[in-house]
Amino acid sequence: MGHRLMFFLQALQMEDPIQLKEEGNKYFQASDYEKALQSYTQAIKLNKDKALQAVLYRNRAACFLKKEEYAKAASDASRAIDINASDIKALYRRSQALEKLGKLDQAFKDAQKCATLEPRNKNFQETLRRLGANIQEKLRIQFSTDSRVQKMFEILLDENSDKEKREKAANNLIVLGREEAGAERIFQNNGVNLLLQLIETKNPELILAAVRTLSGMCTGHKARATAILHYLGIDSICMWMSVDNEEISLAVCNLLQTITDCLLGQGKEEHHGKEEALVLDTKKDLRMITTRLLDMLVSKKVSGQGRDRALNLLNKNIPRKDLKDHDNSRSIFVIDNGLKKILKVVGQIPEMPDCLPLTENTQLTASVLLNKLYDDLRCDPERDNYRLICEEYIKSKIDPQDMDKTLHAIQIVSGVLQGPFDLGNKLLGMKGVMEMMVALCGSEREIDQLVAVEALIHASTKLSRATFIITNGVTLLKEIYKKTKNEKIKIRALVGLCKLGSAGGTDYGLRQFAEGSTEKLAKQCRKWLCNTSIDARTRKWAVEGLSYLTLDADVKDDFVEDEPALKAMFDLAKASDKTILYSVASALVNCTNSYDTKELVPELVQLAKFSKQHVPEEHPKDKKDFVVKRVKRLLKAGVVSALACMVKADSAILTDQSKELIARVFLALCEDPKDRGTIVAQGGGKALIPLAVEGTDVGKIKASHALAKIAAISNPDIAFPGERVYEVVRPLVSLLNTERDGLQNYEALLGLTNFSGRSDKLRLKIIKEKALPDIENYMFENHDQLRQAATECMCNLVVNKEVQERFVADGNDRLKLVVLLCGEDDEKVQVAAAGALAMLTAAQKKLCLKMTEVTTQWLEILQRLCLHDNMEVQHRGLVIAFNLISADKELAKKLVESELLEILTYVGKQEDHPKKQHIISVARDCLSKCMDYELIKPLSQA
């Protein structure tokens, strides 16, 4: 009965607004603003009294101020003022919030009212003075900015202006556009119209300056971005993006991406006062942009670069970023309104006179888009609709009477095979497609053979698919290879044979060709690769061939020995044609053996042999020492600079799968600590950061592990100069996960230890990434090396005030763990734990007292530290003792009454010695402190 009554009274209290207000006040005084907020919010919902409502809103505004949520603080203070216009606390809180929001004029008015109500309040007078000065400064900047903006446009639009002056004005304008205040001044002063005039001058430098300024003005500001989009017009933006000037085309593409980010609600979030209240219909604008980009794909007026930009924008913005998001309406819209346009690009044949302007990358980028759209579909009916559109379009192209038209149909199938392969496979089964491919192979025209052979290559993939290709492919390709005199066709036919021949993968026992044939094919590929008289597009196929043949260990060993061939491949990888990226990355994965291999269980191998099943065999040259030699050869040939260049490719062709392959190669290259300096010097550290942030889960883990290897032993200032080092913290923290293996955990901890010893800013970044709980968990690990690495990392982190507060807080065993680790047998763990404890007890007196309460063994552990054979441990132990003695007289008394006094006396009495002087000095300092407390007397008085 008593329990029920108590429960009933508590429930009544929870429904009492006054009680809730008091509870909120207690939480607020204890700095628990989240709970205070909850109490005030609950009270506001239950309260009916107007006067109390004003107090509750006012108090909640104070919570929001503390949480730095200034818009909410201003809103709550306004509600309190609506009830009581002379509520001085609410007025002052609203003034503070408005000042933080940059609304100085309104903040000044509220502060003025406060000063009128309480003229003698010095705080209000000081606030008024400060706000007045800030408003004057703002006006001064505003007027000077306005005049500067005007001056810049005058210089830029005056054709007689000095060239140097114009360049300076253009750069200043770009910088101004990136600042919020500057962007707003340009916008308010008819700046968009003036920037449009700059674009119309047809001067490339002025166009670039104008477009980059517009990008800065749009960043993070939805309303301004929408206004600029409508003022310029999507047709004009797409027209500028279509120009045959790479720099301008890219700058306009970035502008359109910035506008799209704003419309999608991505990019940096900023509050712009009333702009947040505007309801902007972004869907309509996004559809307008998408429709115009799809139109660009099939327009003859658009340059090849412009088409690439349109495809890259569609690749980036149409498919969902996260498949958990159920809305794939953007992809459905593109499939219904633009799939045929993408297929038209894929079906182009560069050698034909009616071909659209293309770059080397256009068609593969379109294939990537086809794949992304197909992967973004959620159910079979959606996939069936996609397939039917493709089939209908291909059927419309197949015409036995018109070979040119049919050629386009085969090229489309070839393009789809490079995108959604399963769909491509189904298209191969369409009536007439295979027959046409065979007919084209036997044609006399070079172009027919080229298209047919390339389609055969893309169709020749795994053993289980396209049975016709597997049965007849080798015969067809061998026939073409023998008959043709044309080098272009010969290379392509060879690649098809290589692809079909590599079906056994790395299994030495499943070689497709006779002994030595694979090496002969590879030798021919290397010969073509080094022959600069052959066009780059054809040489690219030689790399494609090697990407299959290098599954054979003899081939990879010969390839890395051939430095001219390696350098020729790296030069192609650095060129503007990005379609080669996947082939180069695949060949390098094979050469470094960084692909996944299944571990063979000896018992299962015996069982398989007994039942006469095939057992995968490892080639002798795939053993570790051969792999190490190959890695050294690749490094010597300049593989890192080639990989760094590949990562920079701003193209949809650099798919997540390609990124994963590059990350695998980097991890293999970082294996030997001696090579890591070379990798950093050639830009490897910088190249790994984007790979660790974006891509497949496996790719991100591999890149993060490679970063950890570099971070563990390199000087962070050299390996990751400037702000870049802060970007490395998150990938390292991602490896502190029980799903990752022990080596990844260990090397990530070593990297974080290295970083946390550099600066407090880095320590704060590690804390912000929520790494502390994981590091603490590893301090409990049974594995000696992991426990040691985690303790060393914590030793560096305890320098930070926030970490110290976590140790001071009640209800945790952090300090107990560190004290107990000081008593471990592992010397390295002792050094780290004693270092952490020495810093904690020096920084926080509370921890000196807390240390004596966390475990009964504390004194025994301290005595062992002070007598330790390792001088580093002994010194840290004596520093802890000094900190405890300095913290509190009673604590010092307890230590003097123990055996510790004897230890301190023994150490302090030792003769001066340069190697041990720091230890002797601390012991003497401890004794001097005890004398100051009069707990012991000098020898002369004893």
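A few words on the environment of V368. Here V368 is to be found in helix α19 (residues 362–375). For the pair V368 and P420, spaced 52 residues apart in sequence, the C-alpha to C-alpha distance is 8.3 Å. Residues within four places of V368 in sequence aside, it is in contact with N315, A652, I653 and T655.

What follows concerns the packing of aromatic side chains. For any pair of aromatic rings, geometry is given as the distance between the ring centres together with the angle between the planes. Applying the stated criterion across every chain, the model contains four aromatic pairs. Ring centres of Y92 and F124 lie 5.2 Å apart, and the angle between their planes is 50 degrees; on these two criteria the pair is classed as tilted. Of the two residues, Y92 sits in helix α6 (residues 88–100) while F124 sits in helix α8 (residues 122–157), which places them 32 residues apart along the sequence. Arranged with centres 5.1 Å apart and planes meeting at 70 degrees, the rings of Y374 and Y386 form a pair that is edge-to-face. With Y374 in helix α19 and Y386 in helix α20 (residues 380–395), this residue pair connects regions lying twelve residues apart in the sequence. Of the two residues examined, Y374 and Y386, each falls in the buried class. Just above the ring of F626 sits the side chain of K629; from NZ or CZ to the centre is 5.6 Å.

It is worth spelling out the environment of L343 at this point. Secondary-structure assignment places L343 in helix α18 (residues 329–346). When the C-alpha positions of L343 and V413 are compared, they lie 9.2 Å apart, and in sequence the two are 70 residues distant. Ignoring anything within four residues of it in the chain, the contact list for L343 reads L370, C390, Y393, I412 and V416.

This paragraph deals with the pattern of salt bridges. Per the counting criterion, the structure on display carries 49 salt bridges. Between E391 and R387 there is a salt bridge whose closest N-O contact spans 3.1 Å. You can see E391 and its partner R387 sitting in helix α20, four residues apart, about one turn around the helix. One salt-bridge network, held together by shared partners, links E34, K67, E69 and K72.

One finds Y386, L529, F666, L669, F720, F755 and I775 to be the most contacted residues of the largest nonpolar core, which totals 260 residues. Look past the residues within four positions of L529 in its chain and what remains in contact with it is R539, A542, V543, L546, F559, A565, A568, M569 and L572. F64, A73, A74 and A97 belong to the second largest nonpolar core, which has 33 residues in total.

Turning next to empty space enclosed by the protein. To find leftover empty space, one rolls a probe the size of a water molecule over the atoms. This model, assessed by the stated rule, comprises five cavities of 30 Å³ or more. The volume enclosed by the second largest cavity comes to roughly 110 Å³. Listed by contribution, the elements that provide at least two residues to the lining of the second largest cavity are α16 (282–297) and α17 (304–317). Class assignment of the residues belonging to the lining of the second largest cavity gives a composition of seven nonpolar, three polar and one charged.

Moving on to helix α29 (residues 553–561). In terms of residue burial, α29 counts as a mostly covered element, since seven of its nine residues are buried. The set of residues buried in α29 consists of A553, D554, V555, K556, D557, F559 and V560. For α29, the secondary structure elements touched by its buried residues are α27 (517–530), α28 (536–549), α30 (563–574), α31 (581–591) and α33 (624–637). Residue D552 occupies the N-cap position of α29, its side-chain oxygen lying 2.8 Å from the main-chain nitrogen of D554.

Another aspect to go through is the packing of helix α46 (residues 814–821) against helix α47 (residues 827–843). With their axes 8 Å apart at the nearest point, α46 and α47 run at an angle of 135 degrees to one another. What the angle tells us is that α46 and α47 run oblique. Seen from above, α46 lies across α47 with left-handed handedness. Each of L815, V818, V819 and L821 in α46 lies in contact with α47, whose residues at this interface are V829, Q830, A833, A836, L837 and L840.

Cut-offs used in this document
Residues numbered from 1 in each chain as written. Predicted model: local features only at pLDDT ≥ 70, side-chain atom pairs only at ≥ 80, totals over all residues. Heavy atoms only, no water. Helix = DSSP H or I, 4+ residues; strand = E, 2+ residues; numbered from the N terminus. Contact = heavy atoms within 4.5 Å. Phe/Tyr/Trp six-rings, centres within 6.5 Å; stacked < 30°, edge-to-face > 60°. Buried < 20%, exposed > 50% of the residue type's maximum accessible area, 1.4 Å probe, protein only. Lys NZ or Arg CZ within 6 Å of the ring centre and 35° of its normal. Salt bridge = Lys/Arg side-chain N within 4 Å of Asp/Glu carboxyl O. Core = buried A, V, L, I, M, F, W, Y, C linked by side-chain atoms within 4.5 Å. 1 Å grid on protein atoms, 1.4 Å probe; cavity = no way out; pocket = protein on both sides within 12 Å on 5 of 7 lines; lining within 4 Å. Points joined across faces, edges and corners; volume = space filled by probe spheres on them. Nonpolar A, V, L, I, M, F, W, Y, C, P; charged D, E, K, R; others polar. Polar contact = N/O pair within 3.5 Å; in protein donor to acceptor, adjacent residues only side chain to side chain. Axes fitted to C-alpha atoms, helices over the stretch in contact; angles between N-to-C directions. Parallel < 35°, antiparallel > 145°, perpendicular 65-115°, else oblique. Left-handed = near helix turned anticlockwise from the far one by under 90°.

In short, geometric facts, not functional conclusions.
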